[in-house]
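A structural walkthrough
Here's the letter readout for the chains.
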Amino acid sequence: MTNSPEAKTPDSNPASTTTEAGSGFDGIVEPRSENRLVLQGGVWHQISPKYVTVQLISTGSFLVLVIAATLVLALLMHQLWAWIPGGILTVILAWTLVILPRQARSIGYQLRDDDLVFRRGILWQRFVAVPYGRMQLIDITHGPLDRGFGIAQLKFVTAAAATGVVIPGLEQTTAETLRDHLVGVAESRRTGL
């Protein structure tokens, strides 16, 4: 499964150990610690680099609004208390903008024989394995900015609320192909239960 429109069926070959070529990123970013979570084998599929652009635009827009509101409150309305929350939010949003590209490169998923494994995070790593037979709903959502850039997010719902997984930043065609593939696999696995 690549993020290119040419891909029609997901690659779930567990023997391959490389990240997906043509995904836009050089590879999935791994934490440097020896104590990191590692999942050996399989093909790790990455999200689209367009996700970073969308997040930079939305977070950057919010940052501009925070700065504008802080300046209006502090300078024009003489509310000096506005500097404190405005400064805190500005630092948090600026830090978010700085680390966003690296965070996006750490997001990936792998199609295995019995489940889909989703990973994200560098400092706080999260690995979630969703068995195909337990998937109850597979939902594609995208906002106006996502539609403008041709990306979507795929959400898996299972009976356990804690295992809800959202894969952001998939190309629209990739999300649709993956959804159709997972629905087919989930149906065949549920009939076997």
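The structure this text deals with has already been given above.
A brief report on the enclosed structure follows. This one's a predicted model, so the numbers in the text were calculated from it and none came from an experiment.

Regarding the pairing of strand β4 (residues 126-131)
Bridge count for strand β3 (residues 115-120) against β4 is six bridges, and the pairing is antiparallel. Across the sheet, R120 pairs through a bridge with R126, a residue of β4.

Looking at the sheet that holds β3
Strand order across the open sheet formed by four strands is β1-β2-β3-β4, with antiparallel pairing between neighbours. The sheet is open, and its two borders are formed by β1 (45-46) and β4, each paired with just one other strand. Summarising the sheet, strand β2 (residues 108-111) and β3 pair through four bridges and their orientation is antiparallel. Bridge pairing in β3 links G108 to R119.

Thoughts on the environment of R119
Turning to its location among the elements, R119 is positioned in strand β3. Separated by twelve residues in the primary sequence, R119 and I107 place their C-alpha atoms 5.7 Å from one another. Excluding its chain neighbours within four sequence positions, the residues that come into contact with R119 are I28, V29, E30, P31, W44, S106, I107, G108, Q125, R126 and F127.

Observations concerning the sheet that holds strand β7 (residues 165-171)
Taken together, the three strands give an open sheet; going across it, the order is β5-β6-β7, and neighbouring strands pair in antiparallel fashion. Because the sheet does not close on itself, it has two edges, and the strands there are β5 (135-141) and β7. Geometrically, the sheet is characterised by an average inter-axis angle of 20 degrees between neighbouring strands, direction not taken into account. Across six bridges, the pairing between β5 and strand β6 (residues 151-158) is antiparallel. Within β6, the residue paired with M135 across the bridge is T158.

A closer look at the nonpolar core
In terms of nonpolar packing, the biggest core is built from 30 residues, with L116, M135, L154, F156, I167 and L182 touching the most fellow members. Broken down by element, the residue count for this core peaks at five residues, all from helix α4 (residues 172-191). Non-local contacts of L116, meaning those with residues more than four positions away in its chain, are made with Y109, Q110, L111, V128, A129, V130, Y132, M135, F156, I167 and L182.

Criteria and thresholds
- Residues numbered from 1 in each chain as written.
- Predicted model: local features only at pLDDT ≥ 70, side-chain atom pairs only at ≥ 80, totals over all residues.
- Heavy atoms only, no water.
- Pairing = 2+ DSSP bridges.
- Helix = DSSP H or I, 4+ residues; strand = E, 2+ residues; numbered from the N terminus.
- Contact = heavy atoms within 4.5 Å.
- Axes fitted to C-alpha atoms, helices over the stretch in contact; angles between N-to-C directions.
- Core = buried A, V, L, I, M, F, W, Y, C linked by side-chain atoms within 4.5 Å.
- Buried < 20%, exposed > 50% of the residue type's maximum accessible area, 1.4 Å probe, protein only.

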